[in-house]
Amino acid sequence: MSRAELEAEAETGAVRVQDTAVRKPNPLWTFGLFRSELVTTFRRWRTIALLGVLAAVPILIGIAIKVETRDGSSAGGGGGEGPAFISQITNNGLFLVFTALAATLPFFLPMAIGVIAGDAIAGEANAGTLRYLLVAPAGRTRLLLTKYATTMTFCLVATLVVAASALAVGALLFPLGELTTISGTRISFAEGLGRAFLIALVVAASLTGIAALGLFVSTLTNSGIAAMATTVGLLITVQILDQIPQLHALQPYFFSHYWLSFADLMRDPVYWDDLVRDLGLQGLYVAVFGSAAWARFAAKDITA
């Protein structure tokens, strides 16, 4: 049943909008709700614009490097400036994937996730559609899990959009072939492509913490704009705090602290310590703020 059908049914009085419905939830209905959420999210102009901006970042980086190195000079001025792997792009376009992810991960990717997560519940309340989504047999827990699953899907899609755009631009502007790892060993292009895909998955998983935080913030207000602004504001604040040396004792607990550890996947052998810390920290944030979101949403008075 689509969202429009639920609203029409509720408005005609055929369904009572209550959380205490006696009908047993149907798994197929849950899948339909998830599909409806995906379609609604990815058809919004805001979502399309966010994905467009993310896709444009690798294009701008690739063009800038091509222009900078047209006279044979090194990318980044030869002094190590710029995102990780940037000096290797002219030798192998596949490095543009790693560079684009390193450039977008500190702000652009998490900002996009914060916008989607922050609007998940608060946006529905502001639009007056939240009570229709809670029509039997959805339930608050089921709806909250569906919203988070939709946000996680966006995390994966957004990351893959950056990686795919970077790969296409890298293939057009620079040569492809065997590549040298951080450890100095040579690996085939196929293995490098596999590592690039694995890195994209790790980056998407690294965004689960900010997604859970944004969903929790979304349950605290009925204003989608306020929830999005608060989530992005928290993101910026944590990023700033993570750069202050005096807070080194707290920084390993910030959700963004190990984000760039994905570079360790380009070592041979792979250095797993920081990667495991990153994924474990994201799992902790998901558990804490996911539980907080559920506790808040379960007790929330739905008036819109």
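Just so you know, these numbers come straight off a predicted model, no measurement behind them. (Residues numbered from 1 in each chain as written. Predicted model: local features only at pLDDT ≥ 70, side-chain atom pairs only at ≥ 80, totals over all residues. Heavy atoms only, no water.)

A tally of helices and strands in the protein yields eleven helices and two strands. In the protein, the succession of α and β elements from N to C terminus is α-α-α-α-α-α-α-β-β-α-α-α-α. Across the protein, the fraction of contacts at a sequence separation of at least 24, relative to all contacts at a separation of at least 6, is 76%. In the structure as shown, the protein presents an accessible area of about 14100 Å², 65% of it carried by carbon and sulfur atoms. (Helix = DSSP H or I, 4+ residues; strand = E, 2+ residues; numbered from the N terminus. Contact = heavy atoms within 4.5 Å. Areas by Shrake-Rupley, 256 points an atom, 1.4 Å probe, with all protein chains shown as cover.)

Here we come to the pattern of salt bridges. Scanning all chains against the criterion turns up nine salt bridges. As a salt-bridge pair, Asp119 and Arg46 come within 2.7 Å of each other at their nearest N and O atoms. Note that Asp119 is positioned in helix H5 (residues 108-127) and Arg46 in helix H3 (residues 45-68), a separation of 73 residues in sequence. Judged by its relative accessible area of 32%, Arg46 falls in the partly exposed class. With its nearest N and O atoms 3.1 Å apart, the salt bridge here joins Arg195 to Glu191. Residue Arg195 and its partner Glu191 are located together in helix H8 (residues 189-206), separated by four residues, close to a single helical turn. Several salt bridges converge on common partners, so that one network encompasses Glu37, Glu124 and Lys147. (Salt bridge = Lys/Arg side-chain N within 4 Å of Asp/Glu carboxyl O. Buried < 20%, exposed > 50% of the residue type's maximum accessible area, 1.4 Å probe, protein only.)

Turning our eyes to something else, we now look at the packing of H5 against helix H10 (residues 224-241). Where H5 contacts H10, the axes come no closer than 7 Å and their chain directions differ by 150°. For the element pair H5 / H10, the angle class is roughly antiparallel. As H5 packs across H10, the resulting crossing turns out to be right-handed. Contacts between H5 and H10 pair Pro110, Met111, Gly114, Val115, Gly118, Asp119, Ala122, Gly123 and Asn126 from the former with Gly224, Ala227, Met228, Thr231, Val232 and Leu235 from the latter. Class assignment of the residues belonging to the contact of H5 with H10 gives a composition of eight nonpolar, six polar and one charged. (Axes fitted to C-alpha atoms, helices over the stretch in contact; angles between N-to-C directions. Parallel < 35°, antiparallel > 145°, perpendicular 65-115°, else oblique. Left-handed = near helix turned anticlockwise from the far one by under 90°. Nonpolar A, V, L, I, M, F, W, Y, C, P; charged D, E, K, R; others polar.)

Let us now look at the nonpolar core. Of all hydrophobic cores here, the largest spans 74 residues; its most connected members are Val97, Phe98, Phe154, Ile199, Leu207, Phe255 and Phe262. A total of ten residues in this core trace back to one element, the largest contributor, which is helix H7 (residues 140-173). Discounting chain neighbours no more than four positions away, the residues touching Phe154 are Phe42, Thr47, Leu50, Leu51, Ala112, Ile113 and Ile116. (Core = buried A, V, L, I, M, F, W, Y, C linked by side-chain atoms within 4.5 Å.)

To continue, consider a nonpolar patch on the surface. A surface patch of nonpolar side chains, about 620 Å² in accessible area, is lined by Leu156, Leu160, Phe197, Leu198, Leu201, Trp272 and Val276. Contributing elements (two or more residues each) for the nonpolar patch: H7 and H8. Residue contributions to the nonpolar patch peak at three residues, all from H8. Within the fold, Phe197 resides in helix H8. (Patch = residues over 30% accessible without salt bridge, like charges linked within 9 Å, V, L, I, M, F, W, Y side chains within 5 Å.)

Turning to its location among the elements, Trp259 is positioned in the loop between H10 and helix H11 (273-299). On the basis of relative accessible area, Trp259 is assigned to the buried category, the value being 3%. Residues Trp259 and Leu207 lie 52 residues apart in sequence; the distance between their C-alpha atoms is 8.5 Å. Sequence-distant contacts of Trp259, defined by excluding residues within four places in its chain, comprise Leu105, Pro106, Pro110, Ser206, Leu207, Leu235, Gln239, Asp278 and Gln282. Of the polar contacts made by the side chain of Trp259, one reaches the backbone oxygen of Phe255; its length is 3.1 Å. (Polar contact = N/O pair within 3.5 Å; in protein donor to acceptor, adjacent residues only side chain to side chain.)

Turning our attention to the packing of aromatic side chains. One pass over the structure, following the stated rule, counts seven aromatic pairs. Both rings, one in Phe95 and one in Phe98, keep their centres 5.6 Å apart while their planes meet at 80°; by these two values the pair is edge-to-face. Of the two residues, Phe95 and Phe98 are both situated in helix H4 (residues 95-104); the distance of three residues between them amounts to about one turn of the helix. For the pair Phe216 and Phe289, a centre-to-centre distance of 5.9 Å together with 50° between the ring planes defines the contact as tilted. Of this pair, Phe216 sits in helix H9 (residues 208-218) while Phe289 sits in helix H11, placing them 73 residues apart in sequence. Site record: aromatic cluster; members linked through ring pairs are Phe216, Phe255, Trp259, Tyr285 and Phe289. The ring of Phe297 is capped by Arg140, whose NZ or CZ atom sits 5.9 Å from the centre of that ring. (Phe/Tyr/Trp six-rings, centres within 6.5 Å; stacked < 30°, edge-to-face > 60°. Lys NZ or Arg CZ within 6 Å of the ring centre and 35° of its normal.)

Chain-level pLDDT for the protein is 84 on average; 83% of the residues reach the 70-or-more range. Looking at the elements of the protein, mean pLDDT is at its lowest for helix H1 (residues 3-11), recorded as 50, and at its highest for H9, recorded as 95. Confidence over residues 8-23 falls short of pLDDT 50; this stretch has 19 contacts with residues more than four positions distant or in other chains. (pLDDT = per-residue confidence, 0-100.)

With respect to the secondary-structure elements, Thr146 resides in helix H7. Note on Thr146: relative accessible area 5%, which makes it buried. Ignoring anything within four residues of it in the chain, the contact list for Thr146 reads Leu33, Phe34 and Glu37.

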